[in-house]
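Letter by letter, the chains look like this.
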Amino acid sequence: MFRQLLANNTSEHWLSALLAAAAFLIVLYLLRGVVLHRLRRMASSTETLIDDFLVEVLSATRFLLAGAVSLYIASLFLVLPPGMEKVVDRTVIGLMLLQCGFWTTRGLDFWLRHRFAQGDANELGAREMTRSLLSFLGRMALWSLAVLLILDNLGLNVSALIASLGIGGIAVALAVQNILGDLFASLSIAIDKPFVIGDFIIVDDLMGTVEHVGLKTSRIRSLGGEQIIFSNNDLLKSRIRNYKRMQERRVVFAIGVTYDTAEAQLELIPGMIRQAIEAQPAARFDRAHFKGFGAFSLDFEAVYYVRESDYNVYMDAQQAINLQLVREFAAHGIGFAFPTQTLHIASAPGNASRD
């Protein structure tokens, strides 16, 4: 075939083909540069996304497009053998399909970036996680379709290939069902967002901050500093407590005073607790009551809410409340109870003193 190609064409044919291909390459790159320059200027002066989208897509133009069209133009100036024409056509179409794949992938990335760029700044980790996962799945779908179209263009029986892949896919799915379970679990995490990167969660008796959510595993940095790795499927089967999304923290604390505390002093204690809680800007008072009689103390119970989810804010407020109660109790002569036992010994009637 190549000998026929060389025999059927003179040096004039080859020179014309090379000049035509070179002229097209020059015109294509000049036109690409001019169009991109105008589109960038237009995109900088407008708020619409259409021109930005066109700039992003056209920036993905590769040598494949120029090579495909140049090859086709050069073939018009040559006398091709019958078999060579089909090869050139299939090569041009294959290169064009690859270029379309690059354009579509760049357009998908542009849409996902702008789709998940809007929203609350606190959900940045969730949006980035969802975008990366959808980008990966979209790329897989697009390039799988591109490969099938290229194989069909080459003359392969794609229908039989798809059927074979379907049967083989079932067998592979049965063999790697755990991996597929983790993959779909990661998709569920990305869409449903039970937690995102940066959230502090507790899973069973393990706790830490979410660092990474992958296709198979999620990684959590514990309070001790070590990294805990969970399988996504097992993670969704567990009971997860997400403290990052806690709007208010409900706090219940109890104090006990000694049994020799006077009634008037007992009546003052709920008011002291309320004043100590309301003195904290981050705290909202709920209730304070004389709860009951303990084994060695008179027990009071108080409930308040911390308006922030930060654990340090809660501890700062509780510390300030405790210190103020210590000062108030000392000023009113009220003593905190501690575990004590009082033994009362009564004399038996038969042990009375005798003359």
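Refer to the structure printed above.
Keep in mind it's a predicted model, so treat the numbers as computed, not measured.

Participant: Please clarify how the overall build of the protein should be interpreted in this entry.
Facilitator: Each helix and strand in the protein was counted, giving 11 helices and 8 strands. Within the protein, contacts between residues at least 6 apart in sequence are counted, and of these 64% link residues at least 24 apart. Accessible surface, the protein as shown: approximately 22,500 Å² in total, 61% of it carbon and sulfur.

Participant: What exactly am I supposed to notice about the pattern of salt bridges here?
Facilitator: Scanning the entire structure with this criterion turns up 6 salt bridges. Note that Arg 221 and Glu 211 form a salt bridge whose closest N and O atoms lie 2.9 Å from each other. On the criterion of sequence distance, the pair formed by Arg 221 in strand 3 (residues 217–222) and Glu 211 in strand 2 (residues 206–213) is long-range, its members being 10 residues apart. Residue classification places Glu 211 among the partly exposed positions, given a relative accessible area of 33%. Glu 248 serves as the salt-bridge partner of Arg 284, at 2.7 Å between the closest nitrogen and oxygen. Taken as a pair, Arg 284 in strand 7 (residues 283–293) and Glu 248 in the loop between strand 5 (240–242) and strand 6 (249–257) lie far apart in primary sequence, 36 residues in all. Members of the salt-bridge network, linked through shared partners, are Arg 287, Lys 291 and Glu 301.

Participant: Looking at this structure, how should I read unusual backbone geometry?
Facilitator: Where the residue is not glycine, phi is negative for most of them; where a peptide bond is considered, it is trans in most cases. For Asp 204, which is not glycine, the phi torsion reads 60° and is therefore positive. Position of Asp 204 relative to the elements: it lies in the loop between strand 1 (200–203) and strand 2.

Participant: So what exactly am I meant to see when it comes to the sheet that holds strand 3 here?
Facilitator: The strands that make up a sheet pair up through hydrogen bonds in the backbone, lying either parallel or antiparallel. Here 5 strands make up an open sheet; going across it, the order is 4-3-2-1-5 and the pairing antiparallel. The two strands at the open ends of the sheet, each matched to only one other strand, are strand 4 (227–231) and strand 5. Averaged over all adjacent pairs, the angle separating strand axes in this sheet is 40°, with direction ignored. Direction of pairing for strand 2 relative to strand 3: antiparallel, over a ladder of 5 bridges. By the bridge assignment for strand 3, His 212 is matched with Arg 219.

Participant: What should I look at first to understand the sheet that holds strand 6 in this one?
Facilitator: Read from one edge to the other, the open sheet built from 3 strands follows the order 6-8-7, with strand pairing classed as antiparallel. Each edge of the sheet is formed by a strand with only one pairing partner; in this case those strands are strand 6 and strand 7. Averaged over all adjacent pairs, the angle separating strand axes in this sheet is 20°, with direction ignored. Direction of pairing for strand 6 relative to strand 8 (residues 298–306): antiparallel, over a ladder of 9 bridges. Looking at the pairing, Arg 249 lines up with Val 306 of strand 8. Of the strands in this sheet, strand 6 and strand 8 are in contact with helix 11 (residues 311–331), which crosses strand 6 at around 25°.

Participant: Help me understand helix 10 (residues 263–278) in this model?
Facilitator: An α-helix turns once per 3.6 residues; consequently, residues spaced three or four apart project the same way. Here helix 10 is 16 residues long and its end C-alpha atoms lie 24 Å apart, about the 22 Å a rise of 1.5 Å per residue gives. If you look at helix 10, its biggest bend is around 25°, right at Ile 269, and the proline Pro 270 turns up within four residues after that. For helix 10, the complete set of buried residues consists of Gln 265, Leu 266, Ile 269, Met 272, Ile 273, Ala 276 and Ile 277. Each element contacted by the buried residues of helix 10 is listed here: strand 6, strand 7, strand 8 and helix 11.

Participant: Just checking my understanding: could you explain the pairing of strand 2 for this structure?
Facilitator: Successive side chains on a regular strand alternate, one facing one side of the sheet and the next facing the other. Examined bridge by bridge, strand 1 and strand 2 share 4 bridges and lie antiparallel to one another. Following the sheet pairing, Ile 201 is matched in strand 2 by Gly 208. If you look at the hairpin formed by strand 1 and strand 2, you'll find 2 residues sitting between the two strands, and Asp 204 has a positive phi there, around 60°. The antiparallel pairing of strand 2 with strand 3 creates a hairpin that spans 3 residues between the two strands.

Calculation criteria
Every chain's residues receive numbers from 1 upward, in the order its sequence appears when written. Where totals are concerned, whole chains, interfaces and linings use all residues; where local detail is concerned, this predicted model gives features only for residues with pLDDT of at least 70, and gives and counts side-chain atom pairs only at 80 or more. Processing note: side-chain calculations cover all non-hydrogen atoms of the structure and skip hydrogens and water entirely. Counting from the N terminus, the helices are the DSSP runs of H or I reaching at least four residues and the strands are the DSSP runs of E reaching at least two. Residues count as neighbours in contact if any of their non-hydrogen atoms are within 4.5 Å of one another. Working definition of accessibility: Shrake-Rupley area with a 1.4 Å probe, residue cover restricted to the visible protein chains. When a carboxyl oxygen of Asp or Glu is within 4 Å of a side-chain nitrogen of Lys or Arg, the pair counts as a salt bridge. The rule is simple: take the accessible area with a 1.4 Å probe, protein chains only, and divide by the maximum for that residue type; under 20% is buried, over 50% is exposed, in between is partly exposed. DSSP bridges decide pairing: two strands pair if at least two such bridges lie between them. Between N-to-C directions, angles span 0 to 180 degrees; the directions come from axes that are lines fitted to C-alpha atoms, helices contributing only their stretch in contact. Expected helix span is given by 1.5 Å per residue-to-residue step, counting one fewer step than there are residues. To get the bend at a given residue, fit one axis to the seven residues ending there, fit another to the seven starting there, and take the angle between those axes.

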